[in-house]
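Coordinate inspection notes
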Amino acid sequence: MYTKEFDVRWSDLDANRHMANSAYQNFMSHTRMAFLIENDFGQREMAQYETGPVIFNENIYYFKEIHQGRPITVSCEVTGMSEDGSMFSFRHNFYDYKGRNVARGLMTGAWMNLRERKITALHTDLFDKIKSFPRSIDFKVLQKSDMRSHGEFPEDI
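Residues numbered from 1 in each chain as written. Predicted model: local features only at pLDDT ≥ 70, side-chain atom pairs only at ≥ 80, totals over all residues. Heavy atoms only, no water.

1. Notes on the overall build of the chain
- Tallying secondary structure elements over the chain gives three helices and seven strands in all.
- If you list the helices and strands of the chain from N to C, you get β-α-α-β-β-β-β-β-α-β.
- Since a compact globule built from 157 residues should have a radius of gyration of about 15 Å, the 16 Å found for the chain is in line with a globular shape.
- Taking the principal axes of its C-alpha atoms as reference, the chain extends roughly 45 × 45 × 30 Å.
- The buried share of the chain, reckoned over its 157 residues, is 45%.
- When contacts within the chain are restricted to residue pairs at least 6 apart in sequence, those whose partners lie at least 24 apart make up 68%.
- Put simply, the chain shows about 9500 Å² of open surface, and 48% of that area lies on carbon and sulfur atoms.
- Side-chain charges of the chain comprise 20 positive and 22 negative groups, with the mean position of each set lying 3 Å from the other. (Helix = DSSP H or I, 4+ residues; strand = E, 2+ residues; numbered from the N terminus. Rg over C-alpha atoms; globule rule 2.2 N^0.38 Å. Buried < 20%, exposed > 50% of the residue type's maximum accessible area, 1.4 Å probe, protein only. Contact = heavy atoms within 4.5 Å. Areas by Shrake-Rupley, 256 points an atom, 1.4 Å probe, with all protein chains shown as cover. Lys, Arg positive; Asp, Glu negative; His and termini not counted. Charge placed at Lys NZ, Arg CZ, Asp CG, Glu CD.)

2. A word on the side chain of Ser86
- Summarising the element assignment, Ser86 is placed in the loop between strand E3 (72–81) and strand E4 (87–95).
- Residues within four places of Ser86 in sequence aside, it is in contact with Gly109, Ala110, Trp111, Ile119, Thr120 and Ala121.

3. What about the packing of aromatic side chains?
- With the rule as written, the count across this model stands at 10 aromatic pairs.
- Their ring planes at 35° and their centres at 4.9 Å tell us that Phe41 and Trp111 sit as a pair that is tilted. Of this pair, Phe41 sits in the loop between helix H1 (21–38) and helix H2 (43–48) while Trp111 sits in strand E5 (residues 101–113), and the two are 70 residues apart along the sequence. Assigned by exposure class, Phe41 and Trp111 land together as buried.
- Of the aromatic side chains, those joined through ring pairs into one cluster are Tyr2, Phe35, Phe41, Phe88, Phe90, Trp111 and Phe133.
- The lysine or arginine in question, Arg70, covers the ring of Tyr97, its NZ or CZ lying 4.1 Å from the ring centre.
- Geometry around Phe139 places Arg135 over its ring, the cationic atom sitting 4.1 Å from the centre. (Phe/Tyr/Trp six-rings, centres within 6.5 Å; stacked < 30°, edge-to-face > 60°. Lys NZ or Arg CZ within 6 Å of the ring centre and 35° of its normal.)

4. Side note on H1
- Helix length check: H1 (18 residues) gives 26 Å between terminal C-alpha atoms against 26 Å at 1.5 Å per residue, within 8%.
- Those residues of H1 lying buried are Ala23, Tyr24, Phe27, Met28, Thr31, Arg32, Ala34, Phe35 and Leu36.
- Contacts from the buried residues of H1 go to strand E1 (2–6), H2, strand E2 (51–62), E3, E4 and E5.
- Among the residues trailing H1, Asp40 stands out with phi positive, at a value near 55°. (Expected span 1.5 Å × (residues − 1).)

5. Concerning the pattern of salt bridges
- Here the structure, examined in full by the defined rule, presents eight salt bridges.
- A salt bridge links Asp12 to Arg9; the shortest N-O distance between them is 2.8 Å.
- You can call Asp12 buried: its relative accessible area is 4%.
- Of the charged contacts in the structure, one is a salt bridge between Asp96 and Arg100, with a shortest N-O distance of 2.6 Å.
- A relative accessible area of 45% means that Arg100 is categorised as partly exposed. (Salt bridge = Lys/Arg side-chain N within 4 Å of Asp/Glu carboxyl O.)

Honestly, that's just the spatial picture; any functional story needs more than this.
Pasting the structure below:
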């Protein structure tokens, strides 16, 4: 499991003096990108193949408050991927300085061809990298239906 340690900054707090919702998302994306970069799948590689991530949903479950003053650790695990690598899911756990799990974030997304602006299978070079990433114990092969398993669909006015 990949982990990254962070100090909770003043700007990460909300009016209740605990970590703001947006800070959780920022720490999750920072950890995810650090994981990708350390596995040779960073901005340079994405730009080379005109590929970028698009997030379909992020859900955060809060177990205990996070306050400023002690570092936190955020994990990153690949929990799912489609057979062609176009869709993915990650889990992020937040741990306090004693190693207690204080929050969990789940997210799903896909890779988009930035020229065509469409979801796409990964280029072979990128797919070879991502398919060898360490996987969670509950890893699953994702289907298109998993991207809408939350049951939310657009409703035009």
